[in-house]
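What follows is each chain in one-letter form.
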Amino acid sequence: ANRQTRKRPEERLHTTVITTSGAGRTWHFSHCLGRETAEHNGKTGGFMHPVDVASTDGNILFVLSRGFGYHLKGFGGDIGMRIGKTTIDEDHIGDFARKGFTWPVGIAVSTNGTIFCSDEYENAITSYDPDGIKNFPKFDPEGESLTRWGTQGSEPGHLNGPAGIEFDNEDNLLVVDKGNNRVQKFTKNGEYLIGWGKHGDGPGEFDEPWGITVDGTGDVYVADWGNDRVQKFSPDGTHIRTFGSSEGDELDHPAGVAVDSDGDVYVTDWGNHRVQIYDTDGQ
């Protein structure tokens with residue numbers, strides 16, 4: 001576009017879909033958060049290729065940014081890679097873990113508020129103090145983390161490309177071990193507890209699983225990316241049901257999954273560029 005026809009950022013906001021209704025419920029579009037930026041020192045924050053988000057107390061959001069993908073000249077690294085802390089109304093609080101990852105994927109919050117992140121390249125899970133804000137351009141990738149664990153491999157307790165992570169109702173960390181096509185459960189200190197899944201398209205099998213969430217009863221939902229479906233499991237990994245398929249493009253590589261307080265399941269339908277909502281029975 002030429003200079004005369006360019007729109008300001010606030011004019012580019014796409015709001016054609018404002019209200020969505022279905023199954024006796026209505027969802028209203030409210031507002032967007034963030035802007036494309038590496039510098040976060042003011043009230044208005046932003047993100048750089050955000051890949052996951054976690055919340056606490058219904059108001060504070062932690063957003064994991066994957067960064068530029070290259071080192072920014074003069075700063076000695078990818079300063080866009082970080083965790084941003086903001087309120088739901090975009091009152092930006094600050095950032096931390098700048099340059100602390102290689103390929104970050106998932107973020108989750110434990111009951112005591114500690115932030116955990118997965119790194120699929122380093123095959124590691126790292127934890128951070130949620131109040132450890134580092135003003136731009138400060139960073140400390142060697143000393144900022146609280147804990148770091150993970151061993152590359154395929155044996156029980158090993159990791160190969162960890163993706164989505166989520167805490168269960170007992171404050172143990174569920175990790176989608178994408179490269180090994182399984183889900184594994186660890187303590188917060190990285191002690192292996194149980195795991196389930198293998199490569200395939202049968203019940204309880206996976207093909208590059210990605211997102212994960214836990215509902216109020218402790219059941220686990222996994223976005224089975226390569227199989228175009230979502231699978232539901234009991235807390236011990238017993239398969240309960242499967243919903244979604246590639247037939248008719250119902251789901252095309254679902255990446256993320258979440259459950260609200262009513263038990264409805266929200267699926268980011270990556271290949272179809274949309275979000276789909278299912279009830280707890282997969283309808």
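Asks: Looking at this structure, how should I read the overall build of the chain?
Replies: Counting its regular elements, the chain contains 0 helices and 21 strands. Rg of the C-alpha trace for the chain: 19 Å, near the compact-globule value of 19 Å for 283 residues, within the 12% margin. Each of the three principal axes of the chain carries a C-alpha extent, and together these read 55 × 45 × 35 Å. Classification of the 283 residues of the chain by burial places 46% in the buried group. When the accessible surface of the chain is split by element, carbon and sulfur atoms take 47% of a total near 14,400 Å². Taken together, the 26 basic and 45 acidic charged side chains of the chain have centroids lying 9 Å from each other.

Asks: What's the story with the environment of Gln184 in this structure? I'm lost.
Replies: Tracing the chain through its elements places Gln184 in strand E13 (residues 182-186). Overall, the relative accessible area of 1% leaves Gln184 in the buried class. Between the C-alpha atom of Gln184 and that of His71, which follows or precedes it by 113 residues, the distance is 33 Å.

Asks: What am I meant to see in the pairing of strand E17 (residues 229-233) here?
Replies: Along any regular strand the residues' side chains alternate between the sheet's two faces. Burial of E17 is extensive: 5 of the 5 residues sit out of reach of the surface. Covered by surrounding structure in E17 are Arg229, Gln231 and Phe233 together with Val230 and Lys232, the residues of both alternating faces. Here strand E16 (residues 220-224) runs beside E17; their pairing, made up of 5 bridges, is antiparallel. Paired with Val222 across the two strands is Gln231, which belongs to E17. Counting the residues that bridge the hairpin from E16 to E17 gives 4 residues, and of these Asp228 lies at a positive phi of roughly 55 degrees. Pairing of E17 with strand E18 (residues 239-243), which is carried by 4 bridges, proceeds in the antiparallel orientation. Residue Phe233 lies in a different strand from E18, and its bridge partner there is His239.

Asks: Before we go on, may I ask you to explain the pattern of salt bridges in this structure?
Replies: Oppositely charged side chains can pair when the atoms bearing their charge come close. Applying the stated criterion to the full structure yields 17 salt bridges. Notably, a salt bridge pairs Asp177 with Arg182, separated by 2.7 Å at the nearest N-O pair. Arg182 carries the same exposure label as Asp177, and that label is buried. One continuous salt-bridge network, built from bridges that share partners, spans Arg25, Asp260, Asp262 and Asp264.

Asks: Explain the sheet that holds strand E7 (residues 104-109) here, please?
Replies: Backbone hydrogen bonds hold the strands of a sheet together, and the pairing may be parallel or antiparallel. Spatial ordering of the open sheet is given by E7-E8-E9-E10, a layout of 4 strands whose pairing is antiparallel. Looking along the sheet, the strands with just one partner apiece sit at the ends: E7 and strand E10 (147-149). Between one strand and the next, the sheet's axes are offset by a mean angle of 20 degrees, whatever the strand orientation. Two elements, strand E8 (residues 115-119) and strand E9 (residues 124-128), share 5 bridges in a ladder whose sense is antiparallel. Note on E9: the bridge partner recorded for Cys117 is Thr126.

Asks: I keep staring at the pairing of strand E3 (residues 50-56) and nothing clicks. Help me out?
Replies: Here 6 bridges tie E3 to strand E4 (residues 60-66), and the two strands are oriented antiparallel to one another. Across the sheet, the residue bridging to Pro50 is Ser65, located in E4.

Asks: Looking at this structure, how should I read the nonpolar core?
Replies: Note on soluble globular proteins: their nonpolar side chains tend to be buried together. The biggest cluster of nonpolar side chains holds 14 residues, and the ones touching the most others in it are Phe62, Ile83, Phe101, Ile107 and Ile115. If you list the elements that add at least two residues to this core, you get E4, strand E5 (81-87), E7 and E8. Beyond its immediate sequence surroundings of up to four residues, Ile83 is in contact with Phe62, Val63, Leu64, Gly94, Asp95, Phe96, Ala97, Phe101, Ile107, Ile115, Cys117 and Tyr128. Counting residues in each nonpolar core, the second largest holds 12 residues, with Val105, Phe206, Ile212 and Val222 among its members.

Asks: I would appreciate a short explanation of the confidence of the model for the chain in the present structure.
Replies: Where the model shows low pLDDT, its predicted coordinates should not be examined in detail. Within the chain, residue pLDDT values average 88, and 90% of them lie at 70 or more. Long-range and interchain partners of residues 1-13, a stretch whose pLDDT sits below 50, account for 3 contacts in this model, where long-range means more than four residues apart.

Asks: Mind showing me how you'd approach unusual backbone geometry here?
Replies: Negative phi values dominate among residues other than glycine, just as trans dominates among peptide bonds. Positive phi is not limited to glycine here, since Ala97 has a value of about 65 degrees. Checked against the element boundaries, Ala97 lands in the loop between strand E6 (92-96) and E7. Located in the positive-phi region is Glu208, a residue other than glycine, with phi close to 55 degrees. Relative to the helices and strands, Glu208 resides in the loop between strand E14 (192-196) and strand E15 (212-214). Relative accessible area serves as the criterion here: at 37%, Glu208 is assigned to the partly exposed category.

Reading the values: the criteria
Residues numbered from 1 in each chain as written. Predicted model: local features only at pLDDT ≥ 70, side-chain atom pairs only at ≥ 80, totals over all residues. Heavy atoms only, no water. Helix = DSSP H or I, 4+ residues; strand = E, 2+ residues; numbered from the N terminus. Rg over C-alpha atoms; globule rule 2.2 N^0.38 Å. Buried < 20%, exposed > 50% of the residue type's maximum accessible area, 1.4 Å probe, protein only. Areas by Shrake-Rupley, 256 points an atom, 1.4 Å probe, with all protein chains shown as cover. Lys, Arg positive; Asp, Glu negative; His and termini not counted. Charge placed at Lys NZ, Arg CZ, Asp CG, Glu CD. Pairing = 2+ DSSP bridges. Salt bridge = Lys/Arg side-chain N within 4 Å of Asp/Glu carboxyl O. Axes fitted to C-alpha atoms, helices over the stretch in contact; angles between N-to-C directions. Core = buried A, V, L, I, M, F, W, Y, C linked by side-chain atoms within 4.5 Å. Contact = heavy atoms within 4.5 Å. pLDDT = per-residue confidence, 0-100.

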